[in-house]
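# Observations on the model geometry
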Amino acid sequence: MPRVKVKRASTTIDMTAMCDVSFLLLTFFILTATARQPEPMPVDTPASATQVKLPDDDLGLITVGDGGKVFFGVVNRNARARMLELMSEKYSIAFTPEEKAEFSTMESFGVPMGNLKQLINLGTNDRVKPGLQPGIPIDSTDALSNELFHWIYSARVATKELKNAEMRVSIKGDANEKYPEIKKVMDVLQSQKVNKFSLITSLRSEDF
């Protein structure tokens, strides 16, 4: 009796639907992604072997470099806007809604309060030109002129109001920066009883 041959089923898979879904997902991520802004003052951090992930939110970042220049930024955009409102009241400088919205997109800045409006109204590429931002005033016996103190305090208040949490602070210092310049920032933090903060470093490469 002859053997019955079983007809093989086709193994062809229609990938049209999968391609459509992949294209839609790619389009979604492209449209919703936010490009990271270049740093206004890049620093070369010292190396260490410790690996600790920085928090994604509720973080205030103080950058020190270029001979003692100090920059400040807050990760949470809503906290940035509220922080500016508090500083506006402190220094009696009015900002338009458009300026407040633009400031909330700035990840870091380093200018005196009196020059902030001018910085906000510059283009994104112009803000990060080397040498444009002289740093936030910190070395002063006048409490009002120590603007870093008030930026940090306003950021902490804003974070507490919005997130009901304490703002975590990190210091990002250049490896070649002198210790007294870093110490000034630490003194400002300790004057607000902020005794717990992180020092950002780069991962040390190990030679085998």
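The structure contained in this document is the topic of the report that follows. As the structure is a computational prediction, the values presented were derived from the model and not from experiment.

Each value, and the rule that gives it
Residues numbered from 1 in each chain as written. Predicted model: local features only at pLDDT ≥ 70, side-chain atom pairs only at ≥ 80, totals over all residues. Heavy atoms only, no water. Core = buried A, V, L, I, M, F, W, Y, C linked by side-chain atoms within 4.5 Å. Buried < 20%, exposed > 50% of the residue type's maximum accessible area, 1.4 Å probe, protein only. Contact = heavy atoms within 4.5 Å. Axes fitted to C-alpha atoms, helices over the stretch in contact; angles between N-to-C directions. Helix = DSSP H or I, 4+ residues; strand = E, 2+ residues; numbered from the N terminus. Parallel < 35°, antiparallel > 145°, perpendicular 65-115°, else oblique. Left-handed = near helix turned anticlockwise from the far one by under 90°. Nonpolar A, V, L, I, M, F, W, Y, C, P; charged D, E, K, R; others polar. Lys, Arg positive; Asp, Glu negative; His and termini not counted. Salt bridge = Lys/Arg side-chain N within 4 Å of Asp/Glu carboxyl O. Polar contact = N/O pair within 3.5 Å; in protein donor to acceptor, adjacent residues only side chain to side chain. Pairing = 2+ DSSP bridges. Right-handed = clockwise from strand over helix to strand, strands pointing away. Expected span 1.5 Å × (residues − 1).

Take the nonpolar core next. Counting 35 residues, the largest nonpolar core has Phe 72, Phe 109, Leu 116 and Trp 151 as the members making the most contacts within it. In this structure, Leu 116 is in contact with Leu 84, Phe 95, Phe 103, Phe 109, Val 111 and Trp 151, ignoring residues within four places of it in sequence.

For the rest of this paragraph, the subject is the packing of helix α2 (residues 77–91) against helix α6 (residues 147–163). Between α2 and α6, whose axes approach to 8 Å, the crossing angle comes to 130 degrees. Between α2 and α6, the crossing angle belongs to the class labelled oblique. Viewed along their axes, α2 and α6 form a crossing whose handedness is right-handed. Every residue of α6 that contacts α2 at Asn 78, Ala 79, Arg 82, Met 83, Leu 84, Leu 86, Met 87, Lys 90 and Tyr 91 is listed here: Glu 147, His 150, Trp 151, Ser 154, Ala 155, Val 157, Ala 158, Thr 159, Glu 161 and Leu 162. For the contact of α2 with α6, the per-class residue count stands at 11 nonpolar, four polar and four charged.

Turning next to the side chain of Asp 174. Looking at where Asp 174 falls in the secondary structure, it is placed in the loop between β4 (168–173) and α7 (179–191). Of the side chains bearing the opposite charge, Lys 172 lies closest to the buried Asp 174, which forms no salt bridge; the N-O distance is 9.4 Å. Here Asn 176 takes part through its backbone nitrogen, which lies 2.9 Å from a polar atom of the side chain of Asp 174. Not counting residues up to four positions away in its chain, the partners in contact with Asp 174 are Val 43, Asp 44, Pro 46, Val 64 and Gly 65.

Quick look at unusual backbone geometry now. Located in the positive-phi region is Ser 92, a residue other than glycine, with phi close to 55 degrees. On the secondary structure map, Ser 92 appears in the loop between α2 and α3 (97–103). On the basis of relative accessibility, which here comes to 67%, the residue Ser 92 falls in the exposed class. Unusually for a residue other than glycine, Asn 164 sits at a positive phi of about 55 degrees. Following the sequence through the fold, Asn 164 ends up in the loop between α6 and β4.

What follows is about the pairing of β4. Most of β4 sits inside the fold, with five of its six residues counted as buried. One ladder, built from six bridges, connects strand β2 (residues 59–65) with β4; its direction is parallel. By the bridge assignment for β4, Val 64 is matched with Gly 173. Across two bridges, β4 lies against strand β5 (residues 198–199) in parallel orientation. Residue pairing in the sheet places Ile 171 in a bridge with Leu 199 of β5. As a crossover connection, the stretch from β4 through α7 into β5 is right-handed.

Taking 1.5 Å of rise per residue, the 15 residues of α2 would be expected to cover 21 Å, and the 21 Å separating its terminal C-alpha atoms lies within 8% of that figure. Here α2 has its buried residues at Ala 79, Arg 80, Met 83, Leu 84, Leu 86, Met 87, Ser 88 and Tyr 91. Buried residues belonging to α2 abut β3 (69–74), α3, α4 (116–120) and α6. A distance of 2.9 Å separates the backbone nitrogen of Asn 78 from a side-chain oxygen at the start of α2, and that oxygen is part of Asn 76.

It is worth spelling out the packing of α6 against α7 at this point. The contact between α6 and α7 brings their axes to 10 Å, and the two run at 50 degrees. For the element pair α6 / α7, the angle class is oblique. Judged by the twist between their axes, the crossing of α6 over α7 is right-handed. Residues Leu 148, Phe 149 and Ile 152 of α6 form the contact with α7, whose participating residues are Val 185, Val 188, Leu 189 and Ser 191. When the residues that make up the contact of α6 with α7 are grouped by side-chain class, the tally is six nonpolar, one polar and no charged.

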